[in-house]
Amino acid sequence: MDRTARHSETRYGNRPTMKDVAARAGVGLKTVSRVVNSEPGVTPDTERRVQEAIAALGFRRNDSARVLRKGRTASIGLVLEDLADPFYGPLSRAVEEVARAHGALLINGSSAEDPEREQELVLALCARRVDGLIVIPAGDDHRYLEPEIKAGIATVFVDRPAGHVDVDMVLSDSFGGAREGVAHLIAHGHRRIGFIGDQPRIHTATERLRGYHVAMRDAGITVEDGWVSLGSTEPERVRAAAEEMLSGPEPVTALFAGNNRVTVTAVRVIAERERPVALVGFDDIELADLLGITVISQDAAAVGRTAAEHLFRRLDGADHATARVELPTTLIPRGSGELPPA
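The rules behind each value
- Residues numbered from 1 in each chain as written.
- Predicted model: local features only at pLDDT ≥ 70, side-chain atom pairs only at ≥ 80, totals over all residues.
- Heavy atoms only, no water.
- Helix = DSSP H or I, 4+ residues; strand = E, 2+ residues; numbered from the N terminus.
- Contact = heavy atoms within 4.5 Å.
- Lys, Arg positive; Asp, Glu negative; His and termini not counted.
- Charge placed at Lys NZ, Arg CZ, Asp CG, Glu CD.
- Polar contact = N/O pair within 3.5 Å; in protein donor to acceptor, adjacent residues only side chain to side chain.
- Pairing = 2+ DSSP bridges.
- Axes fitted to C-alpha atoms, helices over the stretch in contact; angles between N-to-C directions.
- pLDDT = per-residue confidence, 0-100.
- Core = buried A, V, L, I, M, F, W, Y, C linked by side-chain atoms within 4.5 Å.
- Buried < 20%, exposed > 50% of the residue type's maximum accessible area, 1.4 Å probe, protein only.
- Salt bridge = Lys/Arg side-chain N within 4 Å of Asp/Glu carboxyl O.
- Patch = residues over 30% accessible without salt bridge, like charges linked within 9 Å, V, L, I, M, F, W, Y side chains within 5 Å.
- Areas by Shrake-Rupley, 256 points an atom, 1.4 Å probe, with all protein chains shown as cover.

**Points about the overall build of the protein chain**
What the protein chain contains, in helices and strands, is 14 helices and twelve strands. In terms of its C-alpha atoms, the protein chain occupies a principal-axis envelope of roughly 90 × 55 × 35 Å. Look at the contacts in the protein chain between residues 6 or more apart in sequence, and 65% of them connect residues 24 or more apart. Positive and negative side-chain charges of the protein chain, numbering 42 and 50 respectively, have mean locations separated by a distance of 8 Å.

Right, here's the structure in full:
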């Protein structure tokens, strides 16, 4: 068969319907519907002919139309910050497993830390009639969601609180984890400790900075201006901040990295220096165990699973007061956070 003939037989965008199956099998539309939905009243021979027609045409049942008749689409939306961030891999997988156990499909997308893109993505998912949403927010004002929530879309916010809407939230203890990590460095003799974190508008960044300040204050240490740097987690910005803190007549002797991306760059900067520098990072990173990097670990899978379970409880009719769940973090000492001051 030549390419022209092949092209003419291909019907892109025109999926076979039950009418097509009925015509090929030589039966009525109701008979096809009974076979597709496993209903009684069809003879074995007729069922065989319908199944053969289904296989030949590549027919698939239109589940979206079917579930819409029941008032649910059996789908949920997940809005992440960055699909490439290692933290969101296990979180997304855990949400998907819970959704699958409830017979639902997960649709996810990334806001790229852009509040406008977050709103656009969330509303696009709502327009597609998802039953519920799990959102890692980029912005701090989510009143645009009020009409959707009132219309019945269950919503859970993760990692960062929602702004100006009353919804369930599942967070990690960013403040407590940072406080514990900095206190760990202080316990190993450090008093000049630098903090490099994410954008100050991000809730987790400010909570981790707050934990740093409280740990330093509890130890009677006055934080100098040059010891704190918040901003983009792009390697160039983090490198510049780390190199400035580690230079001069009185450099810091330890660094606390505010998230996994900061930690990766900090490891590279420290590896280039002759003088040893202690390091504790918030969030685990790949190969951290082999590199001996001490971290404050979040259980991303537990965060995702807890959020999804809350969402499906809401979808099943739970009408209790909105919940704020804060999961603990874990300090994992591996060597870099236990180095004494040089």
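**Describing the side chain of Arg-192**
Relative to the helices and strands, Arg-192 is located in the loop between helix H9 (174-187) and strand S6 (193-197). From its side chain, Arg-192 meets the backbone oxygen of Pro-251 in a polar contact 3.2 Å long.

**Describing the sheet that holds strand S8 (residues 254-257)**
Sheet strands pair by backbone hydrogen bonding; their relative direction is either parallel or antiparallel. Strands sit in the order S7-S6-S8-S9-S10-S12 across an open sheet of six strands; the sheet is mixed. Strands at the two margins of the open sheet, each flanked by one partner only, are strand S7 (228-230) and strand S12 (330-332). Going from strand to strand, the sheet's axes swing by 15° on average, the running direction of each strand aside. As paired strands, S8 and strand S9 (residues 278-282) are joined by four bridges and run parallel to one another. The residue bridging Ala-257 from the neighbouring strand is Gly-281, located in S9. Seen against the sheet, helix H10 (residues 203-218) touches S6, S7 and S9 and runs at an angle of roughly 170° to S6. Sitting on the sheet, helix H11 (residues 235-245) touches S6, S7 and S8, and the angle it makes with S6 is about 170°.

**A word on the confidence of the model for the protein chain**
Looking at the protein chain, pLDDT values average 91 and 93% of them are 70 or higher. pLDDT under 50 marks residues 1-10. Its contacts with residues more than four places away, or in other chains, come to two contacts.

**Looking at the nonpolar core**
Counting 38 residues, the largest nonpolar core has Val-182, Ile-193, Ile-196, Tyr-212, Met-216, Leu-255 and Phe-256 as the members making the most contacts within it. Taken together, the elements giving at least two residues each to this core come down to H9, S6, H10, H11, S8, helix H12 (260-271), S9 and strand S10 (294-297). Residues in contact with Ile-196, not counting those within four places in the same chain, are Ser-229, Arg-237, Val-238, Ala-241, Ala-242, Met-245, Leu-255, Phe-256, Ala-257, Gly-258 and Val-262. Tyr-88, Ala-99, Ala-300 and Leu-311 belong to the second-largest nonpolar core, a separate cluster that totals 26 residues.

**Section: the pattern of salt bridges**
Here the structure, examined in full by the defined rule, presents 20 salt bridges. For Arg-49, the salt bridge is made with Asp-45, and the minimal N-O distance between the two is 3.7 Å. Taken as a pair, Arg-49 and Asp-45 lie in helix H4 (residues 44-57) at a separation of four residues, close to a single helical turn. Overall, the relative accessible area of 43% leaves Asp-45 in the partly exposed class. Between Arg-160 and Glu-81 there is a salt bridge, with the nearest N and O atoms lying 3.3 Å from each other. Here the residue Arg-160 occupies a position in the loop between strand S4 (154-158) and strand S5 (168-172), and Glu-81 occupies one in the loop between strand S1 (75-80) and helix H6 (88-101), the gap between them amounting to 79 residues.

**Quick look at a nonpolar patch on the surface**
There is a patch of nonpolar side chains on the surface, built from Leu-287, Leu-290 and Leu-291 and spanning about 340 Å² of accessible area. With respect to the element layout, Leu-291 can be found in helix H13 (residues 288-291). For Leu-291, a relative accessible area of 54% corresponds to the exposed category.

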